Amino acid sequence: SATLYIVATPIGHLGDMSPRALDTLRGAAAVCAEDTRHTRQLLAHFGIERPLLALHQHNEDAQVAQLVQRLLAGESLALVSDAGTPLVSDPGFRLVRAARAAGIPVSPVPGACAAIAALSVAGLASDRFAFEGFLPAKAGARRERLARLASEPRTLIFYESAHRIEESLADMVTAFGTDRPAVLARELTKLFETVLDGSLGELRERVAADPNQRKGEFVLIVEGAGDDADAKIIEGRRLYAKLAEHLP
Ligand code: SAM
């Protein structure tokens, strides 16, 4: 019967495209892609030509019913995103949920994922971790989110883009303290791959000092809060700062 394949693509280095990913794309009736131009180029690189269907943030709801109909009619489909694993800070959740609800097999073709790639080289505890994806764009919401994470004991994984990396590091210093160990993984698997480790304060300084360290795509990994008093002190400071805002 027809299957919906969720296919990971590289996060940079094209050598990370798996043979099974290529076979699956070749065998699919159509490939659902976040950005069809981008995916057409990727497929062309591997000599694959398949019909492409756009499935992105803005049309996912509208497309899902149609795609489920095609699957029910017996056509196997593949879903890819622009980079890495679909559904990880990328579209696809609604399609997968609808396909499962319709009794259609959904099968993964695993591969690169920036969060896991970064975690695997960070040297921070990896037995338990929390993937936080992108922080809110607005400063207030971002600070609030970080404040609520200050006492989280698991290793924290964030995605970040070039234009917000400095602000996010600054807000993390405030929320988690200057000394909290962290790792900044930039441009993984690409030409300018850089993995910096240090305290949040040090990372903020290195990024501020070197414009090259502000370019590209980032995963930021932050050690979890110790179960000692630190987290409580920081939480206390946060509450105090919040209260102070309301004092005359
Ligand atoms: N689905 C993707 C995955 O599996 O990692 C993530 C897509 S999300 C829209 C894009 C974000 O992933 C970037 O802003 C960056 O935080 C992270 N990212 C993607 N590729 C990366 C790379 N080569 N190095 C570091 N971070 C990367």
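Rules used in this analysis
- Residues numbered from 1 in each chain as written.
- Predicted model: local features only at pLDDT ≥ 70, side-chain atom pairs only at ≥ 80, totals over all residues.
- Helix = DSSP H or I, 4+ residues; strand = E, 2+ residues; numbered from the N terminus.
- Buried ≥ 20, exposed ≤ 12 C-beta atoms within 10 Å, placed from the backbone.
- Contact = placed C-beta atoms within 7 Å.
- Near = placed C-beta within 6 Å.
- Nonpolar A, V, L, I, M, F, W, Y, C, P; charged D, E, K, R; others polar.
- Core = buried A, V, L, I, M, F, W, Y, C linked by C-beta atoms within 7 Å.
- Axes fitted to C-alpha atoms, helices over the stretch in contact; angles between N-to-C directions.
- Left-handed = near helix turned anticlockwise from the far one by under 90°.
- Arc of directions from axis to C-beta.

### Notes on the overall build of the chain
- Counting its secondary structure elements, the chain contains 9 helices and 10 strands.
- Taken along its principal axes, the extent of the C-alpha atoms in the chain is 65 × 40 × 30 Å.
- The burial tally for the chain puts 33% of its 248 residues in the buried class.
- Considering only contacts in the chain between residues 6 or more positions apart, those separated by 24 or more positions represent 73%.

### Here's the deal with the site of the ligand
- By nearness alone, 24 residues border the ligand, and Gly-84, Ala-114, Tyr-159, Leu-188 and Glu-217 come closest of all.
- Put simply, the parts of the chain that give the shell around the ligand at least two residues each are helix H5 (114-122), strand E7 (155-161), strand E8 (181-186) and strand E10 (217-222).
- Each residue belonging to the shell around the ligand can be placed in one class, and the counts come to 11 nonpolar, 7 polar and 6 charged.

### Remarks on the nonpolar core
- By size, the foremost hydrophobic cluster in this structure holds 61 residues, and its most contacted members are Val-7, Ala-78, Leu-79, Ala-118, Ala-185, Val-219 and Ile-221.
- Tallying contributions element by element places helix H7 (residues 165-176) first for this core, with 6 residues.
- Not counting chain neighbours up to four residues away, the residues in contact with Leu-79 comprise Leu-4, Ile-6, Val-7, Cys-32, Leu-55, Pro-86, Gly-92 and Leu-95.

### Concerning the packing of helix H3 (residues 60-72) against helix H4 (residues 93-101)
- Look at H3 against H4: their axes get within 9 Å of each other, and the N-to-C directions meet at 35°. The two elements H3 and H4 cross, and the hand of that crossing is right-handed. Of the residues in H4, those touching H3 at Glu-60, Asp-61, Val-64, Leu-67, Val-68 and Leu-71 are Arg-94, Leu-95, Ala-98 and Ala-99.
- A breakdown of the residues in the contact of H3 with H4 according to their chemical character gives 7 nonpolar, no polar and 3 charged.

### Considerations on unusual backbone geometry
- Positive phi values are uncommon outside glycine, yet Leu-87 reaches one of about 75°.
- Its place among the elements puts Leu-87 in the loop between strand E4 (77-80) and H4.
- A positive phi angle is found at Thr-189, which is not glycine, with a value near 70°.
- Looking at where Thr-189 falls in the secondary structure, it is placed in the loop between E8 and strand E9 (194-199).

### Notes on helix H1 (residues 19-27)
- Within H1, the full set of buried residues consists of Ala-21, Thr-24 and Leu-25. Taken down its axis, H1 places every buried residue within 95° of arc, on the same side. Of the exposed residues in H1, the ones pointing more than 90 degrees away from its buried face are Pro-19, Asp-23 and Gly-27.
- Summarising the contacts, the buried residues of H1 are in contact with strand E1 (4-7), strand E2 (30-33), helix H2 (36-45), E4 and strand E5 (106-109).

Functional significance is not addressed by these values, which are geometric in nature.
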